[in-house]
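A closer look at the structure
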Amino acid sequence: MNSPLLAPELETKTWSSIDPAAHEVRVVVCDMDGTLLTPAGDLPEGFAAMRQALRERGIAFVPASGRQLATLRRMFPEETTFIPENGGLVIHEGEQVASTLLDPAVALDVISRARAATDVELGLVLCGVQTAYIERTDPEFVAEVDKYYARLEVVEDLAAVRDDFLKVAVYDFEDARRAASGFLTEVTGHYLTVVSGRHWVDVMNPEATKGAGLRELQRALGVSREQTVVFGDYLNDLEMLDEAELSFAMANAHPTVVERARYLAPSNAEHGVLAVMEHLLG
């Protein structure tokens, strides 16, 4: 099984030390939960004004999330560029410019092993290009799934689904690290596990990361690493941070993310993304 490689440790500096005149910002790429969104899961007050300021300067804003494309489109109906599914898809100006699929044999192995893991309580989301699929329908699990998947189909048997698969999202009712270090270590094939939240761990193609998705998008936009701003807070944001000269970990971020980023931003509860962008935009 593959795991992300850590970049050399960087000295993390505060956002207020940046000289805005020294940087030409062309694209702002932003994680959602724990980063842009408030602890309640809402867009922060002042987001619309910030987005308009970016638009007036010709700066692209790109939501990058483990969330489904349909969910991000529902959250940002005016946007046409996204990095959904933790980088499994890249959408630029409404068109798919890249996709990185999971081997169906790996998906089936995850489903089989999750069913056999009777010592832990798990829920699975099989994420396809067309839609996402679940077979578990209890209210607690469905409520969690609904936060991230606007297009969702309930099926009797996940193993019988026919689609191109982007990932299998595993919901551990106790702690995602338990699933990542437990039954998923026995899955065979070419895959990557990414802990994307306290309860979620994604099984993906090793080449599907937010960082790889951002590189594809930079090529499509014709922008450089030096012209890119990235915000993140959790382990699935690590590779994405490496693709930007201006990389920010939120003050509430996982310690590994703080070590990886070049700068430290205020927390999502303090509307840190907006504070940093106000500074960068002068």
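Note that the structure is a prediction, hence the values are computed from the model and not measured.

A word on the sheet that holds strand β10 (residues 192-195)
One open sheet holds the six strands; their spatial order is β8-β7-β6-β9-β11-β10, and the pairing between them is mixed. Sheet topology places β8 (152-154) and β10 at the edges, where each strand pairs with a single neighbour. The mean inter-strand angle of the sheet, taken between neighbouring strand axes irrespective of direction, is 25°. By the bridge criterion, two bridges tie strand β6 (residues 122-128) to strand β7 (residues 132-134) in an arrangement that is antiparallel. Across the sheet, Cys127 pairs through a bridge with Ala132, a residue of β7. Where helix α4 (residues 104-116) meets the sheet, it contacts β6, β9 (165-172) and β11 (200-204), and its direction lies at approximately 165° from that of β6. Sitting on the sheet, helix α5 (residues 139-146) is in contact with β6, β7, β8, β9 and β11, with an inclination near 35° to β6.

What about the packing of helix α2 (residues 47-56) against helix α10 (residues 272-280)?
Look at α2 against α10: their axes get within 10 Å of each other, and the N-to-C directions meet at 35°. Between α2 and α10 lies a crossing of left-handed hand. Seen from α2, the contacting residues are Phe47, Met50 and Leu54; seen from α10, they are Val273, Leu274 and Met277. Counted by class, the contact of α2 with α10 contains six nonpolar, no polar and no charged residues.

Some remarks on α5
When α5 is considered as a whole, its buried residues turn out to be Phe141, Glu144 and Val145. Angular distribution of buried residues about the axis of α5 spans 100°; they occupy a single face of the element.

Thresholds, definitions, all that
Residues numbered from 1 in each chain as written. Predicted model: local features only at pLDDT ≥ 70, side-chain atom pairs only at ≥ 80, totals over all residues. Heavy atoms only, no water. Pairing = 2+ DSSP bridges. Helix = DSSP H or I, 4+ residues; strand = E, 2+ residues; numbered from the N terminus. Axes fitted to C-alpha atoms, helices over the stretch in contact; angles between N-to-C directions. Contact = heavy atoms within 4.5 Å. Left-handed = near helix turned anticlockwise from the far one by under 90°. Nonpolar A, V, L, I, M, F, W, Y, C, P; charged D, E, K, R; others polar. Buried < 20%, exposed > 50% of the residue type's maximum accessible area, 1.4 Å probe, protein only. Arc of directions from axis to C-beta.

What is shown is where atoms sit, not what they do.
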